[in-house]
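This is what each chain is made of:
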Amino acid sequence: MITKSKKPAVRGSAYTKVFPRGKTLILACDQGFEHGPKDFNIKNIDPEYIMDIALEARFSAVAVQAGIAEKYHVAHFRDIPLIVKLNGKTYFDNRDPVSLQHTSVEYAYKLGASGVGYTIYLGSSHEQQMFVEFGRICEEAHHKGMFAVCWMYPRGPFIEDELDTDTLAYAARIAMELGADVIKLKFNGNIEGMKWVVKSAGKAKVVIAGGSRTDDFEFLKMAEDAMKAGAAGFAVGRNIWQSDRPLELAAALNQVVFQGKTAEEAVKDLDK
Ligand code: FBP
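Summarised in this report is the structure supplied together with it.

What counts and what doesn't
- Residues numbered from 1 in each chain as written.
- Predicted model: local features only at pLDDT ≥ 70, side-chain atom pairs only at ≥ 80, totals over all residues.
- Heavy atoms only, no water.
- Helix = DSSP H or I, 4+ residues; strand = E, 2+ residues; numbered from the N terminus.
- Expected span 1.5 Å × (residues − 1).
- Buried < 20%, exposed > 50% of the residue type's maximum accessible area, 1.4 Å probe, protein only.
- Arc of directions from axis to C-beta.
- Contact = heavy atoms within 4.5 Å.
- Patch = residues over 30% accessible without salt bridge, like charges linked within 9 Å, V, L, I, M, F, W, Y side chains within 5 Å.
- Areas by Shrake-Rupley, 256 points an atom, 1.4 Å probe, with all protein chains shown as cover.
- Salt bridge = Lys/Arg side-chain N within 4 Å of Asp/Glu carboxyl O.
- Lys, Arg positive; Asp, Glu negative; His and termini not counted.
- Charge placed at Lys NZ, Arg CZ, Asp CG, Glu CD.
- Near = heavy atom within 4 Å.
- Polar contact = N/O pair within 3.5 Å; in protein donor to acceptor, adjacent residues only side chain to side chain.
- Nonpolar A, V, L, I, M, F, W, Y, C, P; charged D, E, K, R; others polar.
- Core = buried A, V, L, I, M, F, W, Y, C linked by side-chain atoms within 4.5 Å.
- Axes fitted to C-alpha atoms, helices over the stretch in contact; angles between N-to-C directions.
- Parallel < 35°, antiparallel > 145°, perpendicular 65-115°, else oblique.
- Left-handed = near helix turned anticlockwise from the far one by under 90°.

### Some remarks on helix α6 (residues 127-143)
Then, in step 1: For α6, with 17 residues, the first-to-last C-alpha span of 24 Å sits near the 24 Å given by 1.5 Å per residue.
Then, in step 2: Looking only at α6, the buried set comprises M130, F131, F134, G135, I137, C138 and A141. Taken end-on, α6 shows its buried residues confined to a sector of 165 degrees, consistent with a single buried face. Exposed positions of α6 whose direction lies more than 90 degrees from the buried face are Q128, R136, E139 and H143.
Then, in step 3: Lining the buried residues of α6 we find α5 (105-110), β4 (115-120), β5 (147-152) and α7 (165-178).
Then, in step 4: G145 sits one or two positions beyond α6 and adopts a positive phi of about 80 degrees.

### Comments concerning a negative patch on the surface
Then, in step 1: Taken together, the side chains of D46, E48, D52 and E56 present a region of like negative charge at the surface.
Then, in step 2: Position of D52 among the secondary structure elements: in helix α3 (residues 47-56).
Then, in step 3: Residue D52 is classed as partly exposed on the basis of its relative accessible area, which comes to 31%.

### Here's the deal with the site of the ligand
Then, in step 1: Around the ligand lies a shell of 16 residues, among which D30, H35, Y153, K186 and R238 are the nearest.
Then, in step 2: K184 places a side-chain nitrogen or oxygen 3.0 Å from an oxygen atom of the ligand.
Then, in step 3: In the environment of the ligand, an oxygen atom lies 2.8 Å from a nitrogen or oxygen atom belonging to the backbone of G211.
Then, in step 4: When isolated, the ligand has an accessible area of 480 Å², and the protein chains bury 93% of it.
Then, in step 5: Per-class residue counts for the shell around the ligand are five nonpolar, five polar and six charged.

### Side note on the nonpolar core
Nonpolar side chains in soluble globular proteins generally cluster together in the buried interior.
Then, in step 1: Of all hydrophobic cores here, the largest spans 96 residues; its most connected members are F59, M152, L185, L220, F234 and I240.
Then, in step 2: For this core, the element with the highest residue contribution is helix α11 (residues 246-259), accounting for seven residues.
Then, in step 3: Setting aside residues up to four positions removed in sequence, I240 forms contacts with L27, I53, F59, F219, P246, L249, A250 and L253.

### Overview of the packing of helix α9 (residues 216-228) against α11
Then, in step 1: Packing of α9 against α11 leaves a shortest axis separation of 9 Å and a crossing angle of 25 degrees. Compared by their axis directions, α9 and α11 come out roughly parallel. Regarding α9 and α11, the two cross each other, and that crossing is right-handed. Residues D216, F219, L220, A223, E224 and M227 of α9 lie in contact with α11, whose contacting residues are L249, A252, L253, V256 and V257.
Then, in step 2: Among the residues forming the contact of α9 with α11, the class breakdown is nine nonpolar, no polar and two charged.

### With respect to unusual backbone geometry
Then, in step 1: In this structure, R21 takes a positive phi of about 55 degrees despite not being glycine.
Then, in step 2: Note on placement: R21 falls in the loop between α1 (13-18) and β1 (24-28).
Then, in step 3: Taking the relative accessible area as the measure of exposure, R21 reaches 65% and is therefore exposed.
Then, in step 4: Even without being a glycine, R58 presents a positive backbone phi close to 55 degrees.
Then, in step 5: Mapped onto the secondary structure, R58 falls in the loop between α3 and β2 (61-65).
Then, in step 6: Its relative accessible area of 70% is what places R58 among the exposed residues.

Distances and angles like these do not, on their own, reveal function.
Quick look at the structure:
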């Protein structure tokens, strides 16, 4: 009799460390590249401040560009699993965006990364180039025992609504078929729709981006709803390190993601 393999989609201790119990909380700090210093203040412009939050709040991993990895992570934060972004673009052209690879998988591996990250703009007229690069990145990363995270953002002249459920499901599906182990998407607030998006991603895990800084309760409510839809966690930046109580807010988010608490329960602890 033929039996199905019970092995998970991605093997390896790196992946297991970043997804304890199948869930994750990744702290993203690539916004200095994507948005520029306008996202930061005098405190959080220092990557060390953000690394300290990741360490103290026990984030599952940090996602940064190679320069931050080599100047900060390598020095004092090696215990936090690392995801190195291999591409990046500025905010100057969001009409028809393209973001090409500038860092190799080999270099990310040398920096000690558990995983590599890459953004694809689905619906850009350059999407084909990004598909080709990401497909090759997945091959190489898997060969080295690393996992591949796809920041999958529908954006460009062929996209009417970046948050449309069918478009997000299509985006998730493409990322999974290209080889992504983890797919980072924006949440559109539609729990039932998002369940379909998660289903479309198959064995790849869906994690949600935090978005611009919002009210703590609203942010935690988004987390609660996204988890209800089957997300595996968050890869969040601004909502944490722009907060004036990042550790407390991270602890509340942790309760929602890992312990299944509601936003109301988590926010109560936050305000104690
Ligand atoms: P935030 O939680 O701060 O939104 O970060 C998530 C993220 O994906 C970052 O990794 C990235 O820099 C940024 O959002 C890109 O956002 P956009 O292209 O939509 O401005």
